[in-house]
Structure formats: structure tokens, C-alpha cells
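Chain and residue survey
The lines below spell out each chain.
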Amino acid sequence: MLGLDLLQQFALFLINHFLSVALSTLKLTSHLDVLDISVPPDPAFGDYSSNAALILAKKVKASPKDVAAKIIEEIKKADTEYALDFVEEKGGFINFKFSQKFLIHSFNQILEQRDLYGCSLAGEGKKILVEYFQPNVAKPLHLGHLSNSIVGDSLSRILKSQGFKPESDTHLGDWGTQFGLLLLAYKKYGNRPVVEKNPIEELNKLYVQINAEMETNPELREQGKQEFVKLEKGDEENRKLWEQFRDWSWKEYEIIYSELGIRRADHNWPESFFEDKMPGVLEELKEKKLLVESQGAQIVNLEQYNLGVAVVLKSDGGTTYLLRDLAAYIFRKNQGFEKQLYVVDIRQNHQLAQTFKILELMGHINSPEEAIHIAYGFLKLPEGAMSSRKGTIINANDFIRSVQARALEIIEEKNPSLKNKDTVAKEVATAAMKYFQLSHNLKSDIIFDPKKVISFEGSTGPYLQYTHARIFGILRKVGAGVVRPFMGTQSEADKSADYNTSELAVIRKLLQYPEVVAQVAKEYLPNLLCNYLFELSQTFNSFYQAVPVTQEKDEQLKAFRLTLITATAQVISNGLYLLGIEAPEEM
Ligand code: ARG
């Protein structure tokens, strides 16, 4: 296990190794977690930078400059293979720059590890629950559901690549008084053959209709509540209808799995699943003296935490969304999940903050790391916002189809003779949607402009796919199929004049990949991976403009460059995979 990890963090590992050798020789020790190794903002400062001297100087009461000088001296002694071009002090930091020899030799590991390059076992098989794609029965999928399935799926892939065991749950919204209202609407104005043809749209119409009618006839609300009470008590007709609504809804939700390649949920624990688990939670809340009665309702007072009042049980005895969330967390924790990630938009900030606080007061959450809301802003279309109540919602289904149609148009235009045009168009459309969502800082709202997002240029999913396909095009041209790793001899690697700075820049970038993935898995920020892949593509494209590859006369150098581009394609495809994006070989 260790061996694999060491290889994968090879570049960073070497720096760590040098530092620890130097520190132990000098009998300087510190807790490793305060020592930080980072990539300096200016490449002139080298590939990595360590704060060790700054931290240790305080401990030994010497100047950082002097401590750095001692450490550097030891590192130079340890670097018998000339892996470093320089190791020097600047402003108390110790900066490292890899030698060309090291870069050339270490990048071969990429083509030895292939799909595994960037993977690690750091997660030690810890179970993490990732909750995403939580639509609501009989409601159309909206862009928010699309967003959270994209983010959740990618985070799961990333966690898995780092040795965690992520499992997903769709906390399907299939319970609550609104179902009583829907049952009432269906019984009053529903027409089965009509609804059956287009279930979600028709059911939603019924829901919109009853909401409108309720404004003049408040009585309906009461009747709706009664229908829900009947459902809760197991009334046969209501149960059957409700199950029917759920089955109809899932048919439409399938698009997320079939068209977008989102991994199917591992668990099906919808809100209704917690119906019989809620009483136990109420008991526990009572026992722990957290429940207070207020105007007939049962609440938890969270005012001292600036979280207001959380209603657990309504005054009419109805259970709440919050109570189901409490039950869900406890149940899932008991299934062995050490962490639970809730991928859902920022509108649920308050609701989830209340949930987590109550769980903490109950003693189920012991650290903020155990329950994390992965919040994100809204994906909006240029036309404006969406509203579900009045029926003007932007249907995710229509949205996906329209992006696919547009991608097909572009492919027809750019590469009319391409085989599998439909498949590639779908892959391009998916790349456009996913990359767009994932490349943004999750907290801000984003406007989806199809023209920009499906473009083959700029920071887009299709641009990364295109860079990948372009490399495969070059390899097809030289008939290289799959290029074997470049195994130049040491002396060849040392011929400094032969290596161009643009190719060394690509290697440097490729070697950063494992660290980027590790960081994304720690901070849950897929946009860092998007940025990285975009930069890699840019670095690659500058290299490709600067030096000949297929036209290179020197066979040894040509083989090396073909290896370099193969490794680049490998890393782009590994990274895209973690974003949930296909990497076609031709487009
Ligand atoms: N079904 C909800 C919605 O569409 C999201 C559920 C979020 N998850 C949770 N455990 N509260 O808005």
C-alpha cells in the first residue's frame, strides 16, 4: 500500500524525503502537519517551496536564514543523483527546482501507471456517504437537480480514486403534506390516460392548479392534509396512487443516468423510508431535553447559535422535512459512514445548518468534518430564473436535449465525416454541461450560455476533449497507436541542450497531477481539477506549437516527444474521468 502511494506522489515525495533526511540529521523535529510544501506562484522560485526554516527558526531561536542554510547544506549532500537543479533560500522559504534529469526520468511512471496515475490509497477504505440527485416525486427535474448530480458524481469518483469508499444515496423527496395535496388534486381533476402519457408534466399541472385554487378556497389545504394523514395511516388507495406517482417519476429521472452517465445511486433511502424511524428520534430528542413546545409545535431552540428555531413536529402533529433529515443522518451513520456529504444548493444552507447543530447537540456529530454541506449556486439560463410553483420551471430534460442538439450541429459543421456522430455529440454535450458546472467556484450563481460552453476553445469541457482527440489524431498519423514509455538512458536524459523549456513545462505540469487530485479530495473543490486540466492543455498546446513532433528528424527525440504527448493524453483522460466526462479519441 505504501509503495503505491510513494510512487504516485513521486515528485512531492522526493522533496519530503530530502527534508526529513536533513531535519533528522540536524536533530530538528517538528510536527509534520505544520510543515507545508507548496508550489510557488512564480516558477522562477522553483517547483516547490517549504516553510520548514520559518517554522523551526522559532523553535531553535535562530534566524530562518541560518536554519535554511543548514538544511540546504544537508539536502545538497543527500542529493547524490542530482535530482535538483537548485535548492536555495528566499525570504526564509526553501525553494527546490527539479533537474531535467529527474523530470525526464520520473515522468515515465505516468505511462507505467496509465489509468491508475493519480490514484492513491490515502482514504484507507473509509466509507463516505455522498448524497446527490435528490429529486422530488411528481415534480419536474430542474437545473438544480442536474447540478447536484454532476457535482456529487464527480466528488464520488474523486474520493474513490483516493482510496475512500464513497456510496451514494438519493434522498428522494417522496413524503410530506404536499403529497396529500397532490393526491387530492389527482382525485378531483386527474384523468389517468392523460396523466399516464406525460406523468410529471400532468401531475405538476394538477399541483399548480390546486395551489391556485387554494387561494380562493382555503378549505382545500385542510382536505389535502387529511389525504396525507390517510397515506401515513396506510390507506390502500392513497398508497397505490402514491407508489404510482413514484414509479412514473423515476421513469423520467432515468435521463440523468442514461444520458449524462451519472452513476446510479447505491442506496434508495427516500424520505418515506424514515417514516417509522422518526418516532425514535423524537423520543431521543425528548430524553436529551432538547424539545420545547411552542404554539402547539415541538421545536428545538437554536437561537443561541444564531440558527433560529427549528420546527421538528408541526402543531397538527405532522412530521417535518427536518425530522426526516435527523433520522436519515442517524440511520446512515449507523450503516458505518464516517462522513456524510450533502450535495445540494445553497438555499438549503439554513435547513442543513439547523440539522447539523441538532445532531451535534444530540451527540451524533462530533466534528464538523462528519457532516458537510457541499453547497453551490444556481445554474441559470440567460433568459432568467426559474420558479416551480407557477409552472414556469426550466425542465432539465428539455435542457439536456437542447444542449445535445446544439453539440450535434457543431460536430456536423466541424467534422461531417466523423463516425458515431450521435455518440460523440452526446459526449460533447455532457462535457459542456459538467465542466461548466464543475469549473466554477461552487458558491456563485452561474449563467449557462450554450454558445460559450460548447465552444472548442477556452476553458470548456469540449476544449479538453478536443486537445485529447487531437493528440490521438497525431498518434494515428504516425501510426504509433500506443507509444511505449520512453526509456532513454541516463546520459541521454542529461543532454540538456536537447530538451526544450516548453517540453519540460509539460512534464512539470504532468507531475503535479496526483497532488491536485489529492487536494480536491480533501477540499471538495472540483474546480481546482478543472483549472489544472485547462492549464495542462494550454501548456501542451504551447509545446506543440514550439517544437516539431511528427516532423522531428532525430528518432530518439521524436520517440520522446511522442511519449510526452501520450502521457498528456493519459492525464487529460484520467482527469476527465474524475469529472465524469468521456474522452473520445476522435471528434
Ligand atoms: N429533495 C430536496 C430538493 O429537491 C433536496 C434534498 C436535500 N437533502 C437533504 N438531506 N435534505 O430540494
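Described below are features of the structure shown in this document. The model shown is predicted, which means the values in this text are computed figures rather than measured ones. (Residues numbered from 1 in each chain as written. Predicted model: local features only at pLDDT ≥ 70, side-chain atom pairs only at ≥ 80, totals over all residues. Heavy atoms only, no water.)

Some remarks on the site of the ligand
Short version of the rule: Throughout, near means a residue has at least one heavy atom within 4 Å of the molecule or strand. In the analysis that follows, any N or O atom pair within 3.5 Å is treated as a polar contact, provided that within protein one partner can donate a hydrogen and the other can accept it, and provided that, for residues neighboring in sequence, both atoms belong to side chains. Accessible surface area values rest on a Shrake-Rupley calculation with a 1.4 Å probe, where residue burial reflects the displayed protein chains alone. Here the term charged refers only to Asp, Glu, Lys and Arg, the term nonpolar to Ala, Val, Leu, Ile, Met, Phe, Trp, Tyr, Cys and Pro, and the term polar to all other amino acids, Gly among them.
Lining the immediate environment of the ligand, one finds E131, Q134, N136, H145, H171, Y321, D325, Y342, V344 and Q348. One nitrogen or oxygen atom from the side chain of N136 is found 2.8 Å from a nitrogen atom belonging to the ligand. D325 places a polar side-chain atom, nitrogen or oxygen, 2.7 Å from a nitrogen atom of the ligand. When the free accessible area of the ligand is taken as 350 Å², the share hidden by the protein chains comes to 93%. Among the residues forming the shell around the ligand, the class breakdown is three nonpolar, five polar and two charged.

Comments concerning unusual backbone geometry
Rules: Helix and strand assignments come from DSSP, with helices taken as H or I runs of at least 4 residues and strands as E runs of at least 2, each series counted from the N terminus. Between buried and exposed lies partly exposed: a residue is buried under 20% and exposed over 50% of the maximum accessible area for its type, with that area taken using a 1.4 Å probe on protein chains only.
With a phi angle near 70 degrees, A138 is a residue other than glycine that sits in the positive phi range. Relative to the helices and strands, A138 is located in the loop between strand 5 (127-131) and helix 7 (143-161). For Y524, which is not glycine, the phi dihedral falls at a positive 55 degrees. Its place among the elements puts Y524 in the loop between helix 21 (501-523) and helix 22 (526-546). Look at Y524 and you get buried, because its relative accessible area is 9%.

Quick word on the packing of helix 7 against helix 17 (residues 421-439)
Here is the rule: Orientation is described by lines fitted to C-alpha atoms, with helices fitted over the stretch in contact, and by angles between N-to-C directions that extend from 0 to 180 degrees. Angles below 35 degrees are treated as roughly parallel, those above 145 as roughly antiparallel, those between 65 and 115 as roughly perpendicular, and all remaining angles as oblique. Only heavy atoms enter the contact rule, under which two residues are in contact if any of them lie within 4.5 Å.
Between helix 7 and helix 17, whose axes approach to 10 Å, the crossing angle comes to 80 degrees. It follows that helix 7 is roughly perpendicular to helix 17 by the angle criterion. On the side of helix 7, the interface is formed by S147, I150, V151, D153 and S154, while helix 17 contributes M433, K434, Q437 and L438. Split into classes, the residues belonging to the contact of helix 7 with helix 17 amount to four nonpolar, three polar and two charged.

Remarks on the pairing of strand 10 (residues 339-343)
The cut-off we apply is this: DSSP bridges decide pairing: two strands pair if at least two such bridges lie between them. With its strands directed away from the observer, a crossover is right-handed exactly when the path from the first strand over the helix to the second travels clockwise.
For strand 10, a buried count of five out of five residues is recorded, marking the element as mostly surrounded by other parts of the structure. Burial along strand 10 is two-sided: the face carrying K339, L341 and V343 and the face carrying Q340 and Y342 are both buried. Relative to strand 10, strand 5 runs parallel, the two sharing four bridges. Bridging from a neighbouring strand, V130 pairs with L341 of strand 10. The pairing of strand 10 with strand 11 (residues 371-374) spans four bridges and is parallel. Counted as the bridge partner of Q340 is A371 from strand 11. Remark: the strand 10/helix 15 (residues 349-362)/strand 11 crossover connection has right-handed handedness.

As for the pattern of salt bridges
This is how it is decided: When a carboxyl oxygen of Asp or Glu lies within 4 Å of a side-chain nitrogen of Lys or Arg, that pair is called a salt bridge.
Per the stated rule, a full pass over the model turns up 34 salt bridges. Here K277 and D276 are joined by a salt bridge, their closest N and O atoms 3.0 Å apart. In this structure K277 comes out as partly exposed when scored by relative accessible area, which is 26%. Residues joined in a network through salt bridges with shared partners are K187, E227, K230 and E237.

Points about empty space enclosed by the protein
For clarity, the cut-off: Cavity and pocket criteria rest on a 1 Å grid covering protein atoms alone: a 1.4 Å probe that fits but cannot get out defines a cavity, protein on both sides within 12 Å along at least 5 of 7 lines defines an open pocket, and an atom within 4 Å of a point defines a lining residue. Grid points are joined across faces, edges and corners, and a volume is the space filled by probe spheres set on the points.
Taken as a whole and assessed by the stated rule, the structure comprises two cavities of 30 Å³ or more. Roughly 60 Å³ of internal volume is contained in the largest cavity. The wall of the largest cavity is formed by A11, D47, Y48, F98, L103, R508, L511 and Q512. For the lining of the largest cavity, the per-class residue count stands at five nonpolar, one polar and two charged.

So, the sheet that holds strand 7 (residues 292-294)
Strand order in the open sheet formed by three strands is 7-8-9, with antiparallel pairing between adjacent strands. Strands at the two margins of the open sheet, each flanked by one partner only, are strand 7 and strand 9 (309-313). The mean angle between the axes of side-by-side strands here comes to 50 degrees, regardless of whether they run parallel or antiparallel. Where strand 7 and strand 8 (residues 297-301) come together, three bridges link them in antiparallel fashion.

Digging into the state of the cysteines
As a reminder of what qualifies: When two cysteine sulfur atoms lie within 2.5 Å, the pair is treated as a disulfide.
Summed over all chains, the structure comprises zero disulfides. Free of any disulfide, C530 has its nearest cysteine sulfur in C119, 17 Å distant.

Quick word on the side chain of E259
With respect to the helices, strands and loops of the structure, E259 is situated in the loop between helix 12 (236-258) and helix 13 (278-287). A residue is classified by how much of its surface remains accessible, and E259, at 15% relative accessible area, is buried. A polar contact is formed between the side chain of E259 and the side chain of R401, at a distance of 3.2 Å. What E259 contacts, discounting residues up to four positions off in sequence, is I400, R401, Q404, K426 and T430.

Quick word on helix 13
Rules: What the arc covers is the set of directions going from the helix axis to the C-beta atoms.
Among the residues making up helix 13, those that are buried are M278, V281, L282, E284 and L285. Down the axis, helix 13 shows its buried residues gathered within 165 degrees of arc, on one side only. Packed against the buried residues of helix 13 are strand 8, strand 9, helix 14 (321-334) and helix 15.

Regarding the packing of aromatic side chains
The condition that has to hold: Note on ring pairs: Phe, Tyr and Trp rings are taken, using the six-membered ring of Trp, and paired if centres are within 6.5 Å. Classes follow the plane angle, with under 30 degrees stacked, over 60 edge-to-face and the rest tilted. Cation placement over rings: the criterion is NZ of Lys or CZ of Arg within 6 Å of the ring centroid and within 35° of the ring normal.
For the structure shown, the criterion picks out 27 aromatic pairs. Ring centres 4.4 Å apart and planes at 25 degrees place the aromatic pair F98 and F102 in the stacked group. For F102, a relative accessible area of 8% puts it in the buried group. Summarising the aromatic geometry, the rings of F133 and W250 are spaced 6.4 Å apart at their centres and angled 65 degrees between planes, so their arrangement reads as edge-to-face. Remark: W250 occurs in helix 12 and F133 occurs in the loop between strand 5 and helix 7; sequence separation between them is 117 residues. Among the aromatic side chains, those forming a connected cluster through ring pairs are F133, W250, Y253 and Y257. K127 extends its terminal NZ or CZ atom over the ring of F337, reaching a point 4.4 Å from the ring centre.

Here we look at the environment of S38
Here S38 shows up in strand 1 (residues 37-38). Judged by its relative accessible area of 31%, S38 falls in the partly exposed class. Each C-alpha atom of the pair S38 and F96 lies 10 Å from the other, and the pair is 58 residues apart in sequence. Residues in contact with S38, not counting those within four places in the same chain, are D47, Y48 and S49.

Quick look at the sheet that holds strand 2 (residues 48-50)
The sheet built from four strands is open, its strands ordered 1-2-4-3 with antiparallel pairing. Since the sheet does not close on itself, it has two edges, and those belong to strand 1 and strand 3 (84-90), each with one partner. Judged from the six bridges that link them, strand 3 and strand 4 (residues 93-98) form a sheet pairing that is antiparallel. In the strand pairing of strand 4, E88 is matched with N95. Here helix 2 (residues 10-25) sits on the sheet and contacts strand 1, strand 2, strand 3 and strand 4; the angle it forms with strand 4, its principal contact strand, is near 130 degrees. Seen against the sheet, helix 4 (residues 64-78) touches strand 3 and strand 4 and runs at an angle of roughly 170 degrees to strand 3.

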